[in-house]
Amino acid sequence: MLTLISRYSTQLLATCVLVGFALPTLANALLPLLPVILFLLMLFTIVSLDIKTLLKDLSQRSVWLYAIWHTLGVTVLVMSLLWLFQIDSSLYLAIAASCATGSLFASPAIVRSIGLDAQQCMAMTIASTLLMPLVLLVNGLLFSQFSSTEQLPLDMLVYSQRLAIFIILPIFISVVTHKLIKQSQIERALLTIRPFTIVLVLFFPLGLMGAFRESYDLNPSQAWQYLAIAFAVSGLLFVSSFLLYIKQGKQQALICAITATNRNVLLTYSITGGFLGLEFLIYMGALQLPIYLLPLLVRLLYRPS
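Just so it is clear, the structure is predicted and the values come from calculations on it, not from any experiment.

Criteria and thresholds
- Residues numbered from 1 in each chain as written.
- Predicted model: local features only at pLDDT ≥ 70, side-chain atom pairs only at ≥ 80, totals over all residues.
- Heavy atoms only, no water.
- Core = buried A, V, L, I, M, F, W, Y, C linked by side-chain atoms within 4.5 Å.
- Buried < 20%, exposed > 50% of the residue type's maximum accessible area, 1.4 Å probe, protein only.
- Contact = heavy atoms within 4.5 Å.
- Phe/Tyr/Trp six-rings, centres within 6.5 Å; stacked < 30°, edge-to-face > 60°.
- Helix = DSSP H or I, 4+ residues; strand = E, 2+ residues; numbered from the N terminus.
- Axes fitted to C-alpha atoms, helices over the stretch in contact; angles between N-to-C directions.
- Parallel < 35°, antiparallel > 145°, perpendicular 65-115°, else oblique.
- Left-handed = near helix turned anticlockwise from the far one by under 90°.
- Nonpolar A, V, L, I, M, F, W, Y, C, P; charged D, E, K, R; others polar.
- Salt bridge = Lys/Arg side-chain N within 4 Å of Asp/Glu carboxyl O.
- Arc of directions from axis to C-beta.

Trainee: What should I look at first to understand the nonpolar core in this one?
Mentor: A general trend in soluble globular proteins is that nonpolar side chains are found buried together. Ranked by size, the top nonpolar core spans 101 residues in total, and within it Val78, Ile95, Phe204, Ile258 and Tyr283 carry the most contacts. Dropping the residues within four chain positions of it, Phe204 is found in contact with Leu34, Ile37, Leu38, Leu41, Leu266 and Tyr292.

Given below as structure tokens:
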């Protein structure tokens, strides 16, 4: 069963988005559990990395230039277009927060599944995640005035604590683990755990659809607006990133486009909590369909040489 799930994980992730939409009670029940699952998945992913290779990758200027584009550059591009096309300003905070968000930790697996360089994608994912807290804080302070729903104030102490838990702690545990345990033993343990982590990933599209479904039930036209904006923003990120890096070759451009489009919005939600308001919860759900349809589309269009 686990082998079957692993083989068809891309299709299952997209299907889970629809299941989560169809079963909002299940989605809302899973939502409180997702931060714990996210922490475990981030921990397992970082522990599985070769720390020396990762540090070597992170020392490259190009990786950090990409991270700046992924967070700050995308924010400037997307928010300028939202203002130009006079999109409802109540969505500004939610979209700005997603623009600051680092890439999904599943991005390297997606990249690997179509025959591209997963190691480079992982370095870009880590770099964008490390840069995220600063850009997220700036975006939150700049665009919080536009939110139309009640927000909790941004408590900097809680913000710092959650950053430590979800970003610094997994890295610290990984470093200690590699110092205390032999690499061969770590790899054997991860081989046992890895099939189960694939099942855990399926909970994300299931658990993030509750607010979007509730929005659809109350105001279908508003929900369609969120979904249309989510598809438009995701398409813009993919195309603009591809074109920005095409001079470095098609494969590099595709890696950057996939990494830029995939957004770890659950990490943003876990760190900021209620500060981002109801709009972010709804937009987070709307983003799930374009995010998980992307791998299917890329597989259809891309043929490794």
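Once you've had a look at it, read on.
Trainee: Mind showing me how you'd approach the packing of aromatic side chains here?
Mentor: Remark: the centre distance and the inter-plane angle together describe each pair of aromatic rings, the angle taken between the planes. Taken as a whole, this structure holds five aromatic pairs when the rule is applied. Considering the side-chain rings of Phe21 and Tyr216, the 5.3 Å spacing of their centres and the 70° angle between planes classify their relative orientation as edge-to-face. Taken together, the residues Phe21 in helix H2 (residues 9–22) and Tyr216 in helix H13 (residues 210–218) connect sequence positions 195 residues apart. For Phe21, a relative accessible area of 23% puts it in the partly exposed group.

Trainee: Looking at this structure, how should I read the packing of helix H15 (residues 250–261) against helix H17 (residues 277–301)?
Mentor: Packing of H15 against H17 brings their axes to within 10 Å, and their N-to-C directions diverge by 160°. Compared by their axis directions, H15 and H17 come out roughly antiparallel. Seen from above, H15 lies across H17 with left-handed handedness. Residues Leu254, Ile258 and Thr261 of H15 form the contact with H17, whose own contacting residues are Ile291, Leu294 and Val298. Its residues assigned to classes, the contact of H15 with H17 comprises five nonpolar, one polar and no charged.

Trainee: It is not clear to me how the pattern of salt bridges should be interpreted in this structure. Could you clarify?
Mentor: Proximity of charged atoms lets side chains of opposite charge pair with each other. Scanning all chains against the criterion turns up one salt bridge. Of the charged contacts in the structure, one is a salt bridge between Asp217 and Arg213, with a shortest N-O distance of 2.9 Å. A residue pair is termed a helical-turn pair when its members lie 3 or 4 positions apart in one helix, as Asp217 and Arg213 do in helix H13 at four residues. Residue class for Asp217 comes out partly exposed when judged on its relative accessible area of 47%.

Trainee: Honestly, the side chain of Thr268 in this entry has me stumped. Any pointers?
Mentor: Considering the arrangement of structural elements, one finds Thr268 in helix H16 (residues 265–272). With near-sequence residues (within four places) excluded, Thr268 lies in contact with Ala97, Thr101, Met132, Leu136, Gly273, Leu276 and Phe280.

Trainee: Please explain H16 as it appears in this structure.
Mentor: Burial within H16 is extensive, with seven of its eight residues counted as buried. Next to the buried residues of H16 lie helix H4 (34–47), helix H7 (92–100), helix H9 (118–143), helix H10 (156–180), helix H12 (203–207) and H17. Of the residues trailing H16, Gly273 is marked for its positive phi of about 60°.

Trainee: Please explain unusual backbone geometry as it appears in this structure.
Mentor: Look at Gln86: it is not a glycine, yet its phi comes out positive at around 55°. Secondary-structure assignment places Gln86 in the loop between helix H6 (61–84) and H7. A relative accessible area of 72% places Gln86 in the exposed class.

Trainee: In this structure, what is going on with helix H5 (residues 51–58)? I would like to understand it.
Mentor: One full turn of an α-helix is made of 3.6 residues, so residues set three or four places apart face in the same direction. Among the residues of H5, those classed as buried are Leu54, Asp57 and Leu58. Each buried residue of H5 lies within a common arc of 95° when the element is viewed along its axis, so the set occupies one face. The exposed set on the far side of H5, more than 90 degrees from its buried face, consists of Lys52, Leu55 and Lys56. Where H5 is buried, its residues touch H6 and H9.

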